[in-house]
Structures are given as structure tokens and as C-alpha cells.
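# Survey of secondary and tertiary structure
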Amino acid sequence: MSTSWPLWEVFVRGKRGLNHVHVGSLHAPDAEMALRNARDVYTRRNEGVSIWVVPATAITASSPDEKDPFFAPSGDKVYRHPTFYAIPEDVPHL
Amino acid sequence: MADDLELRFERTVQAESRIEPRDWMPDGYRKTLIRQIAQHAHSEIIGMQPEGNWISRAPSLRRKAILLAKVQDEAGHGLYLYSATETLGADREDLTTKLIEGRQKYSSIFNYPTLTFADVGVIGWLVDGAAICNQVPLCRTSYGPYARAMIRICKEESFHQRQGYELLMTMMRGTQQQRDMVQDSVNRWWWPALMMFGPPDSESTNTEQSMAWRIKRDTNDELRQKFVNMSMPQAEALGVTFPDPELKWNEERGQYDFGSPDWDEFWQVVKGGGVCNEQRIAHRRKAHEDGSWVREAAVAHAQKHAQKEGAA
């Protein structure tokens, strides 16, 4: 029987009001142990109020090789940014 | 195509941007990183032993709680770093096997014994102090996951160094016997601490390429000098001396001059001839083997529950 534990990616919410952020990974036999291990490895100094653990194999990532074409759709749409629009300086609250 | 990838890699490194796990990288870069980060991770894990030796004999509950927290941090640091090697395609079990079979190294400093409780303080002050000197520049190393692990580690190392120095200050305010114990410990650890920065630049085979790839940010000799400069005023404040007759302020250079460590001793310990090399590896091997039933039982438990859930 294989005794190797699967890899989990760990995400921590630093405090209320913030998103969960990826902090690293660890090995654990199941989700519950992954949470406990994540607490001991990544939040020894009150770094978090909430933890997510996700099996590393469950993550689908974009490929860096496709970097340019993949993100191209947003590259040429400068009109999505507020700075694209010229507004007279004396118009307030815009 | 390969040239394109290499060019993009070079540009990213030159621009002080970070290389991330799924980026293309030269094989040598990947290999160098795995070797260096694994060696660093092994050092954290083996580094639990010399201080762990004193947990059961700490002189007060306060010191015991501090020492426990510190040794637990070392375990944590090892895990952050193993996690970084895995983003490069290394396998955790393979790394552990290589460590206990002596095929990968760890810092030689941990092959020296901890003979007295003062060693706990001196390790915090000088050994962790030297580690901080080495590690602070690594927070800007070119490989993202390694740099991020180092940022976490450096934050925690600061506690390690300060608890050590405070422990020594307490002993220096004690009896003459305690002060002698501190000085004896400093005498034993000073040279090994200087050796932690690695061989002189003239003999360091990996430095040049690692600097070009911005894995390493300063040379061994630069860091060693910095450490000596930082440590001298701390020693004076503490009331101890370092066992080096050549150690003195050089007005012209604006730095301290200091003697050369015994590099024959360094290589002897690296090659396995230190006082504790065998003991450290034997202990790590035993812990790994004795823990195998726990790993197996946890997997069996997880499988049983997964089946139950599948059936329901």
C-alpha cells in the first residue's frame, strides 16, 4: 500500500474583510488533516482567521506559454479603464 | 522557440521580476534550485535536533515553552522549503530518502554538539544570526516560491535570534560559572558560525552562475564580513569575546578584520567527519521509520472514509 499523502494547496484569510490568499502547500491523508496541518504550518502567529485546503490535482491553471494570446482580449480594451475618458477638470465628483 | 523561451527567462531575471513554477526555466536553474532549497530544508529539519536535545532539561517553564516554539518553527521552515522544491517537480519522499541515505547535504553547523544550555542561547544569537544574514538577501531571490518562503522564515528567525540573545543576557547577569559557560559556548560556536557562509569566494564553485541567475544575491565572503561587523557590538554589549586574535577594527576599510576559519575542519565535517554527523542522520532515519505506521494508518483511515462516502 502506498503511504504517500496527497498534496494540498493552502489558502489563508488573514483577517475578516480580506480574500483568502495562497500561502503554500502541504501533504496530508485527507481534507480534515490537511486543515489541521495547515493551521500548524501556516498560522502559528495568528496569520489567519480562515483556511481553505484544495487538492493540488483539482486546480486548473492557465499556461504561461500562452501568456500573450490568453490575456490578449483585455490588452486592447483601454476603454475599460476610467482614465480612458477625458473629463473637464472643473466637473466635480467624477 | 527554445531561444525565445530562454530570452524571456533571462529578461525576467534581469528585470528583477520573479520566475514562477509554470514558467520555462533552464535545466541547470531548476537543478541548482532543487539542490539549494532541499539542502536548506534538510538543514531546518536536522537543525531541530541540537536544540531539541535541551527541551526536556530547560531550566524553567518559560524557557521550555520558548524552546518548543522555536523547534516547532524549524519544522515549519523545513516544510515551507520542501513545499517550494515541489513546485519545481521534486518529490518529497525522494528528498527525505536522499537525506537519510546521505545523498543530499544539510548545513554542517548541525554536526556540532550542544554541550550546555548556554549553547541554546548561542545558537539563537550566532547560528540563527548567521542564518539571517544568509537569508535576508534570499527574500529577493529570482524564484518566486523560494523568495516567498524566505520572507516567512526571516520574520520568524528574528524571534529565534532575540530569544537567544536574551537568554545569554540573563546568564551573563548570573553567577561567574554561568558567565564562563556562555564564554565557553561562544568559543566553540564562533568559527563554525563563520563557516556557515560557505567556502571563500575563491573556492566557491556555485557562486558565479547562481549570482547570474539571481538565485544568490551576495558572495560568501561579503556575507561573512557583514556578519562579523554586526556581531562585534553585540558581543561587547553582552560582555563576551570571540576567539580570534586577528579580530580588530580596520579604520581604513571601515570594517572589522578577522582571521580565517579552519577550512580543513570545514571540509572534514562536510564530508561526514563531524562529531554528530552519524547521530543526526541515524536519528532522522529512526524518526522516519518509526513514523511509518502513522502514515500508513492515516492513509487507511482516509481510504475507509472515502469508500463509506462513496457508498452512501
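Residues numbered from 1 in each chain as written. Chains lettered and ligands numbered in written order. Predicted model: local features only at pLDDT ≥ 70, side-chain atom pairs only at ≥ 80, totals over all residues. Heavy atoms only, no water.

Chain B appears in an unreviewed UniProt entry as 1,2-phenylacetyl-CoA epoxidase subunit A from Lentzea alba.

Chain A appears in an unreviewed UniProt entry as 1,2-phenylacetyl-CoA epoxidase subunit B from Lentzea alba.

In this assembly, 24 residues from chain A lie in contact with 25 residues from chain B. Carbon and sulfur atoms supply 52% of the area buried between chain A and chain B, which totals about 2000 Å² over both sides. With its nearest N and O atoms 2.8 Å apart, the salt bridge here joins R44(A) to D73(B). Where chain A meets chain B, there are 12 residue pairs in polar contact (both at pLDDT 80 or more). Residue contributions to the side of chain A that touches chain B peak at 4 residues, all from strand β2 (residues 20-27) of chain A. The class makeup of the residues in the side of chain A that touches chain B is 9 nonpolar, 8 polar and 7 charged. (Contact = heavy atoms within 4.5 Å. Buried area = accessible area lost by both parts, 1.4 Å probe. Salt bridge = Lys/Arg side-chain N within 4 Å of Asp/Glu carboxyl O. Polar contact = N/O pair within 3.5 Å; in protein donor to acceptor, adjacent residues only side chain to side chain. Helix = DSSP H or I, 4+ residues; strand = E, 2+ residues; numbered from the N terminus. Nonpolar A, V, L, I, M, F, W, Y, C, P; charged D, E, K, R; others polar.)

Bringing the environment of L68(B) into the picture now. Residues and elements named next belong to chain B. For L68, the position within the fold is in helix α4 (residues 61-86). Take L68: its relative accessible area is 45%, and that puts it in the partly exposed class. Taking the C-alpha atoms as reference points, L68 and A58, 10 residues apart in sequence, are found 9.9 Å from one another. (Buried < 20%, exposed > 50% of the residue type's maximum accessible area, 1.4 Å probe, protein only.)

For the coordinates displayed, the defined rule picks out 18 aromatic pairs over all chains. Each ring, one from Y42(A) and one from Y80(B), has its centre 5.6 Å from the other, and the planes form 25 degrees; the classification is stacked. Remark: Y80(B) occurs in helix α4 and Y42(A) occurs in helix α1 (residues 31-42); the pair is interchain, linking two chains. Considering the side-chain rings of F84(A) and Y85(A), the 5.0 Å spacing of their centres and the 85 degrees angle between planes classify their relative orientation as edge-to-face. Feature note: the residues W125(B), Y165(B), W190(B), F197(B), F227(B) and F242(B) constitute an aromatic cluster, connected by ring pairs. Here the guanidinium or amino end of R57(B) rests over the ring plane of W54(B), the centre of that ring lying 4.1 Å away. A cation sits over an aromatic face here: R152(B) above Y80(B), 4.9 Å from the ring centre. (Phe/Tyr/Trp six-rings, centres within 6.5 Å; stacked < 30°, edge-to-face > 60°. Lys NZ or Arg CZ within 6 Å of the ring centre and 35° of its normal.)

The next thing to look at is the pattern of salt bridges. One pass over the structure, following the stated rule, counts 24 salt bridges over all chains. In this structure, D73(B) engages R45(A) in a salt bridge whose closest nitrogen and oxygen atoms are separated by 2.5 Å. Taken together, the residues D73(B) in helix α4 and R45(A) in the loop between α1 and β3 (50-55) connect one chain to another.

Let us look at the packing of helix α8 (residues 176-195) of chain B against helix α10 (residues 220-238) of chain B. Residue and element names in this part refer to chain B. Their axes nearest at 9 Å, the elements α8 and α10 cross at an angle of 145 degrees. On α10, the residues touching W190, A193, L194 and M195 of α8 are R224, F227, V228 and S231. When its residues are assigned to classes, the contact of α8 with α10 shows 6 nonpolar, 1 polar and 1 charged. (Axes fitted to C-alpha atoms, helices over the stretch in contact; angles between N-to-C directions.)

A few words now on the nonpolar core. By size, the foremost hydrophobic cluster in this structure holds 90 residues, and its most contacted members are Y29(B), W125(B), W190(B), F227(B) and F242(B). Y29(B) has contacts with F9(B), I19(B), S142(B), Y143(B), W213(B) and I215(B), leaving out every residue within four places of it along the chain. (Core = buried A, V, L, I, M, F, W, Y, C linked by side-chain atoms within 4.5 Å.)

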